[in-house]
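# Close look at the chain arrangement
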Amino acid sequence: MEQNRIQAILTLDMENIPSNFQEILKHEQEVVAKWKEEGVLESLFLRKERNGAILIFKGIDEEKAKELMTTLPLYKLKKSVEYLNLIKQF
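Here goes a summary of the coordinates provided. Bear in mind the structure is a predicted one, so any value in this text is a computation, not a measurement. (Residues numbered from 1 in each chain as written. Predicted model: local features only at pLDDT ≥ 70, side-chain atom pairs only at ≥ 80, totals over all residues. Heavy atoms only, no water.)

Right, let's get into the pattern of salt bridges. Here the structure, examined in full by the defined rule, presents six salt bridges. Arg5 serves as the salt-bridge partner of Glu42, at 2.7 Å between the closest nitrogen and oxygen. Of this pair, Glu42 sits in strand β2 (residues 41–46) while Arg5 sits in strand β1 (residues 3–12); the two residues are 37 residues apart in sequence, bridging distant segments of the chain. The buried category is assigned to Arg5, whose relative accessible area is 6%. (Salt bridge = Lys/Arg side-chain N within 4 Å of Asp/Glu carboxyl O. Helix = DSSP H or I, 4+ residues; strand = E, 2+ residues; numbered from the N terminus. Buried < 20%, exposed > 50% of the residue type's maximum accessible area, 1.4 Å probe, protein only.)

Turning our attention to helix α1 (residues 21–38). Its 18 residues give α1 an end-to-end C-alpha distance of 26 Å, which sits within 8% of 26 Å, the value for a rise of 1.5 Å per residue. Here the buried face of α1 lies against β2, β3 (52–58) and α2 (62–69). Following α1 by one or two positions, Gly39 has its phi on the positive side, about 85°. (Expected span 1.5 Å × (residues − 1). Contact = heavy atoms within 4.5 Å.)

Moving on: the sheet that holds β2. Spatially, β2-β3-β1-β4 is the arrangement adopted by the four strands of the open sheet, whose pairing is antiparallel. Unpaired on one side and paired on the other, β2 and β4 (78–88) mark the two borders of the sheet. This sheet shows a mean twist of 15° between the axes of neighbouring strands, independent of strand direction. With respect to the sheet, α1 is in contact with β2 and β3, its orientation differing from that of β2 by roughly 145°. Here α2 sits on the sheet and contacts β1, β3 and β4; the angle it forms with β4, its principal contact strand, is near 150°. (Pairing = 2+ DSSP bridges. Axes fitted to C-alpha atoms, helices over the stretch in contact; angles between N-to-C directions.)

Coordinates in, geometry out; function isn't part of it.
Structure, rendered in structure tokens:
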């Protein structure tokens, strides 16, 4: 059975990072840990440039992924978010 995934590519606006960024980051980690625990987040990759992250959602559709992304503390600092629907082969 094919396993669908949603990849969300979050790019942050690094020129407008607030002074409480570390605090926001802490909240961010709590939110994604909860998603991981709930089974909707398969993987989280930080971008090497430290300007965002790539999240791989499973078991939900793109609409749900978009809805979840808007609840991320770092979402307010986004420059852009791109969504890709993937079919996992292996």
